[in-house]
Amino acid sequence: MIKRERANDDKARASAPISQPWLVVLDQRYGLMIEWPFEFQRVHDALERRTMTGQEAAREIFVARRKHGPPWHWKNWKRTRVQFLGSECATCGADHEAVLVLQHTVRIPRVQPYLDKAKAEYAAREPAHDYRAELREECYAIRDAVVPEMRDCCPLCFSLSIQFRKKAGTWICNSPVGRGYCGHVFDVPAKKEALTAAQKRGIRARKYMAWREKATNWDGDWKRGAILAWLADFREYLSLKHTKTLCKRCAFLEDMTDLKPCPECGFAFSRTETACPDCGRAVAEAQAESEEGETDDGPTQNDDAGNR
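Residues numbered from 1 in each chain as written. Predicted model: local features only at pLDDT ≥ 70, side-chain atom pairs only at ≥ 80, totals over all residues. Heavy atoms only, no water.

For this particular structure, what's the right way to read the overall build of the protein?
Secondary structure summary: the protein contains 10 helices and 14 strands in total. For the protein, the residues scored as buried account for 35% of the 308 residues in total. Sequence separation of at least 24 residues holds for 66% of the intrachain contacts in the protein that already meet a minimum separation of 6. (Helix = DSSP H or I, 4+ residues; strand = E, 2+ residues; numbered from the N terminus. Buried < 20%, exposed > 50% of the residue type's maximum accessible area, 1.4 Å probe, protein only. Contact = heavy atoms within 4.5 Å.)

When you look at the nonpolar core in this model, what are you seeing that I'm missing?
Nonpolar side chains tend to gather and get buried jointly when the protein is soluble and globular. Counting 28 residues, the largest nonpolar core has Phe-40, Val-43, Ile-61, Ile-227, Leu-231 and Phe-234 as its most contacted members. Listed by contribution, the elements that provide at least two residues to this core are helix 2 (38-49), helix 3 (54-68), helix 5 (111-124) and helix 8 (222-238). The leading source of residues in this core is helix 8, at 8 residues. (Core = buried A, V, L, I, M, F, W, Y, C linked by side-chain atoms within 4.5 Å.)

Could you clarify how one ought to interpret the side chain of Thr-53 in this entry?
Within the element layout of this structure, Thr-53 appears in the loop between helix 2 and helix 3. Judged by its relative accessible area of 8%, Thr-53 falls in the buried class. With sequence-adjacent residues up to four places away left out, Thr-53 is seen in contact with Leu-47, Arg-212, Ala-215, Thr-216 and Asp-221.

What exactly am I supposed to notice about the pattern of salt bridges here?
Close approach of charged atoms allows side chains of opposite charge to pair. All told, the structure shown has 8 salt bridges when counted by the stated rule. In this structure, Glu-39 engages Lys-67 in a salt bridge whose closest nitrogen and oxygen atoms are separated by 3.1 Å. Of the two residues, Glu-39 sits in helix 2 while Lys-67 sits in helix 3, which places them 28 residues apart along the sequence. Residue classification places Glu-39 among the buried residues on the basis of a relative accessible area of 8%. Judged by relative accessible area, which is 56%, Lys-67 ranks as exposed. Residue Lys-241 is joined to Glu-236 by a salt bridge in which the shortest nitrogen-to-oxygen separation is 3.8 Å. (Salt bridge = Lys/Arg side-chain N within 4 Å of Asp/Glu carboxyl O.)

Would you mind showing me how to read the sheet that holds strand 6 (residues 170-173) here?
Remark on secondary structure: sheet strands pair via backbone hydrogen bonds, oriented parallel or antiparallel. Taking strand neighbours across the sheet as the criterion, the 3 strands line up as 5-6-9 in an open arrangement whose pairing is antiparallel. Of all strands in the sheet, those with a lone pairing partner are strand 5 (162-165) and strand 9 (185-186), marking the two edges. When strand 5 meets strand 6, the two strands line up antiparallel, connected through 4 bridges. Looking across to strand 6, one finds that Phe-164 is bridged to Trp-171. (Pairing = 2+ DSSP bridges.)

I keep staring at the packing of helix 6 (residues 132-144) against helix 7 (residues 197-216) and nothing clicks. Help me out?
How two helices sit against one another is set out by the angle between their axes and by the gap between those axes. Interhelical geometry of helix 6 versus helix 7 gives an angle of 155° and a closest axis separation of 10 Å. One finds that helix 6 runs roughly antiparallel with respect to helix 7. In this structure, the crossing between helix 6 and helix 7 has a hand that is right-handed. Along the contact surface, helix 6 presents Glu-134, Leu-135, Glu-138, Cys-139, Ile-142 and Arg-143, while helix 7 presents Ile-203, Arg-206, Lys-207, Ala-210, Trp-211 and Lys-214. Its residues assigned to classes, the contact of helix 6 with helix 7 shows 6 nonpolar, no polar and 6 charged. (Axes fitted to C-alpha atoms, helices over the stretch in contact; angles between N-to-C directions. Parallel < 35°, antiparallel > 145°, perpendicular 65-115°, else oblique. Left-handed = near helix turned anticlockwise from the far one by under 90°. Nonpolar A, V, L, I, M, F, W, Y, C, P; charged D, E, K, R; others polar.)

Just to check I follow, could you spell out the packing of aromatic side chains for this structure?
By convention here, two paired aromatic rings are described through the distance between centres and the angle between planes. This model, assessed by the stated rule, comprises 9 aromatic pairs. What links up through ring pairs into an aromatic cluster is the set Trp-36, Phe-40, Trp-230 and Phe-234. (Phe/Tyr/Trp six-rings, centres within 6.5 Å; stacked < 30°, edge-to-face > 60°.)

Explanation requested: the packing of helix 2 against helix 3 in the structure shown.
At their nearest, the axes of helix 2 and helix 3 sit 9 Å apart, and the two run at 170° to each other. Relative to helix 3, helix 2 is oriented roughly antiparallel. On the side of helix 2, the interface is formed by Glu-39, Phe-40, Arg-42, Val-43 and Leu-47, while helix 3 contributes Ala-57, Glu-60, Ile-61, Ala-64, Arg-65, Lys-67 and His-68. For the contact of helix 2 with helix 3, the per-class residue count stands at 6 nonpolar, 1 polar and 5 charged.

Any chance you could explain unusual backbone geometry here in plain terms?
What you tend to see is this: most non-glycine residues have negative phi, and most peptide bonds are trans. With a phi angle near 60°, Arg-50 is a residue other than glycine that sits in the positive phi range. Assignment of secondary structure puts Arg-50 in the loop between helix 2 and helix 3. Backbone geometry places Phe-158, a non-glycine residue, at a positive phi of 60°. For Phe-158, a relative accessible area of 44% puts it in the partly exposed group.

Is there a simple way to explain the environment of Pro-37 in this structure?
Topologically, Pro-37 is positioned in the loop between strand 2 (31-34) and helix 2. Put simply, Pro-37 and Pro-71 are 34 residues apart on the chain and 9.9 Å apart in space, counted from C-alpha to C-alpha.

Any chance you could explain the pairing of strand 11 (residues 243-247) here in plain terms?
Consecutive residues of a regular strand have side chains that alternate between opposite faces of the sheet. The element strand 11 is extensively covered by neighbouring structure, given that 5 of its 5 residues are classed as buried. Of the two faces of strand 11, the one holding Thr-243, Thr-245 and Cys-247 and the one holding Lys-244 and Leu-246 are both buried throughout. In the sheet, strand 3 (residues 100-104) pairs with strand 11 via 5 bridges, with the strands oriented antiparallel. Note that in strand 11 the partner of Leu-100 across the bridge is Cys-247.

Here it is in structure tokens:
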């Protein structure tokens, strides 16, 4: 009886709507795609609103990629790939009897090339306006605008590091002087103008906000443009537009070797050859054109590599 109830519960959970942090959504620009984790969307929105610097965005992206891993390891990948997986291999024509996987014809974009390109473009153009002199004057104005209060201090060295001793009913100065301490004992402390701890915290907060206002709106933040460009290409990668269906053998040949299989006999030979050395069949032009769409910096990306 208990086993039957558990089975019914499992069926109910399986039929219930899936609530995951990643969902398949319909994007106006890219069509059907995998929604990225909220860290990527938060960085994108912050850069668009100019509330985050490029350096902070690069750090957030690095942490998010380490946390979530590649997209084909996300929980919703297997659920999404069914909508794009074909019924036969695009290279050798193997049907459902073979193990079919979804293969990207482009590699997943890396962040570092975008940063290098943006840095080189920034170095080649006119230098951006240096806001540090203006920020320094603004910080001085923030500091001078606060009126200090009258605070207790030591009558001898005028230090604020004084302590009242309840048993003795006197004050003692704990300010370091040279290699020792002042140690002056007195009954009534003196007065002097000084900032309180709350005033210092307020000054630091206003200085930080002034820096953020300058840094987030600085035209010379080349990392901001680099991260936005990477996010746009990564979003297109998640749209799964540049994918094709391959069997595991053809996917392995594209990923791990520089070979391609013959559609007739299955013999693997070099991509540069136009005819199969085993059976002599010429490679179809359509197949050669499809391989030209792959990137030149390496093999294509098999997104089902974790299922091998």
